[in-house]
Amino acid sequence: MAERNLSPPDEFDKELRRGAADRGLALDGGACALLGEYFRLVSAWNPRLHLVAPCTPAEFASRHALESLAALPYLAQGASFVDVGSGAGLPALPCLVARPDLRATLVESSRRKAVFLREAASALGLRGRMEVVAERFQGLAPPAADALTCRAVERFTELVPSIASWASNVPTLLLFGGESLGESISRAGLAGEAVRLAGSEKRFLFVVSRASQSAHESQAALPVGKD
């Protein structure tokens, strides 16, 4: 009964710490505090910008913050990455908070959401490691980065070939979505692995490595369901 009386920030923090421990993620007190501040920022801006679908603080911790951190094992020490269609800053902001060695460029076509991202970067102390570009990725020069992340861009399955072509020099693509996204990745001629996201039967992190493209020639579809 006591848990029902937790304030939203406390409910978020409790689920964040519990979920991180369950997933084997190392989050120190400073990172947890900053992620709590990020949750408060999204909550404050969400009524105006519709950054995320309505959810409880615990659901935000699990569905958004912790899911985003699933990308961390695939980002090398000191890596730079480009995040396409950043929206609320997922997965980029949680990853930057958890890993001070990372740098990122967040590409968001909505000017209003780009304003939010810049405000969040300032509030979370990330301005030195994070750039926000308020443009559609199609109008930008191909990125020079170690990885590309993408989680909730509109018409994601349709845009996979365009994203892959635009980022042809990026060695690793980290794409979050369901089985239909995996099918789109395969149709685009890309190879990789599908890592089932903790707490979900239908969502995956698709890890696409350019080095593995030759292996795709013998694959009918991207494997789905690997834990």
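Residues numbered from 1 in each chain as written. Predicted model: local features only at pLDDT ≥ 70, side-chain atom pairs only at ≥ 80, totals over all residues. Heavy atoms only, no water.

**Q** So what exactly am I meant to see when it comes to the sheet that holds strand β2 (residues 103–107) here?
**A** Sheets are built from strands paired through backbone hydrogen bonds, the pairs being either parallel or antiparallel. One open sheet accounts for seven strands, arranged β3-β2-β1-β4-β5-β7-β6; its pairing is mixed. In this open sheet, the two edge strands, each paired with only one partner strand, are β3 (130–133) and β6 (192–196). The sheet shows a mean angle of 20° between the axes of neighbouring strands, taken without regard to direction. Bridge count between strand β1 (residues 80–84) and β2: five bridges; the pairing is parallel. Following the sheet pairing, Asp83 is matched in β2 by Leu106. This element, helix α7 (residues 179–187), spans β5 (172–177) and β7 (204–209) of the sheet and lies at about 15° to β7. (Pairing = 2+ DSSP bridges. Helix = DSSP H or I, 4+ residues; strand = E, 2+ residues; numbered from the N terminus. Axes fitted to C-alpha atoms, helices over the stretch in contact; angles between N-to-C directions. Contact = heavy atoms within 4.5 Å.)

**Q** Any chance you could explain the environment of Asp83 here in plain terms?
**A** Considering the arrangement of structural elements, one finds Asp83 in strand β1. Overall, Asp83 belongs to the buried group, its relative accessible area being 0%. Residues Asp83 and His64, 19 residues apart in the sequence, show an inter-C-alpha distance of 15 Å. A distance of 2.7 Å separates the side chain of Asp83 from the side chain of Ser86, its partner in a polar contact. (Buried < 20%, exposed > 50% of the residue type's maximum accessible area, 1.4 Å probe, protein only. Polar contact = N/O pair within 3.5 Å; in protein donor to acceptor, adjacent residues only side chain to side chain.)

**Q** Sorry, what's going on with the nonpolar core here?
**A** One broad trend across soluble globular proteins is that nonpolar side chains are buried collectively. Ranked by internal contacts, the top residues of the largest apolar core, which has 53 residues, are Leu16, Leu27, Tyr38, Phe81, Phe116 and Met130. With nine residues, the single largest contributor to this core is helix α2 (residues 29–49). In this structure, Val84, Leu148, Phe156 and Val170 belong to the second largest nonpolar core, which totals 25 residues. (Core = buried A, V, L, I, M, F, W, Y, C linked by side-chain atoms within 4.5 Å.)

**Q** So what exactly am I meant to see when it comes to the pattern of salt bridges here?
**A** When their charged atoms lie close together, side chains carrying opposite charge are able to pair. A full pass over the atoms with the stated rule returns 11 salt bridges. For Glu15, the salt bridge is made with Arg18, and the minimal N-O distance between the two is 2.5 Å. With a gap of three residues between them, Glu15 and Arg18 both fall in helix α1 (residues 8–23), about one helical turn apart. Taking relative accessible area as the criterion, Arg18 reaches 42% and is therefore assigned partly exposed. For Arg155, the salt bridge identified is with Glu158, shortest N-O distance 3.2 Å. Judged by its relative accessible area of 54%, Glu158 falls in the exposed class. Through salt bridges that share partners, Glu15, Arg18 and Asp22 make up one connected network. (Salt bridge = Lys/Arg side-chain N within 4 Å of Asp/Glu carboxyl O.)

**Q** In this structure, what is going on with the pairing of strand β4 (residues 147–150)? I would like to understand it.
**A** Residues Ala147 and Thr149 point to one face of β4 and Leu148 and Cys150 to the other, with burial holding for every one of them. With four bridges joining them, β1 and β4 adopt parallel strand pairing. Residue Val84 lies in a different strand from β4, and its bridge partner there is Cys150. Relative to β5, β4 runs parallel, the two sharing four bridges. Bridging from a neighbouring strand, Leu148 pairs with Leu173 of β5. After leaving β4, the chain enters helix α6 (residues 156–166) and then returns to the sheet as β5, a path that is right-handed. (Right-handed = clockwise from strand over helix to strand, strands pointing away.)

**Q** Explain the packing of α2 against helix α5 (residues 111–123) here, please?
**A** Axis angle and axis distance: for two packed helices, these are the angle between their axes and the distance between the axes, and together they describe the pair. Two elements in contact, α2 and α5, have axes separated by 11 Å at closest approach and are oriented at 160°. The pairing of α2 with α5 is recorded here as roughly antiparallel in orientation. The handedness of the crossing between α2 and α5 is right-handed. Contacts from Tyr38, Leu41, Val42, Trp45, Arg48 and Leu49 of α2 reach α5 at Arg112, Lys113, Val115, Phe116, Glu119, Ala120 and Ala123. Along the lines of polarity and charge, the residues of the contact of α2 with α5 split into nine nonpolar, no polar and four charged. (Parallel < 35°, antiparallel > 145°, perpendicular 65-115°, else oblique. Left-handed = near helix turned anticlockwise from the far one by under 90°. Nonpolar A, V, L, I, M, F, W, Y, C, P; charged D, E, K, R; others polar.)

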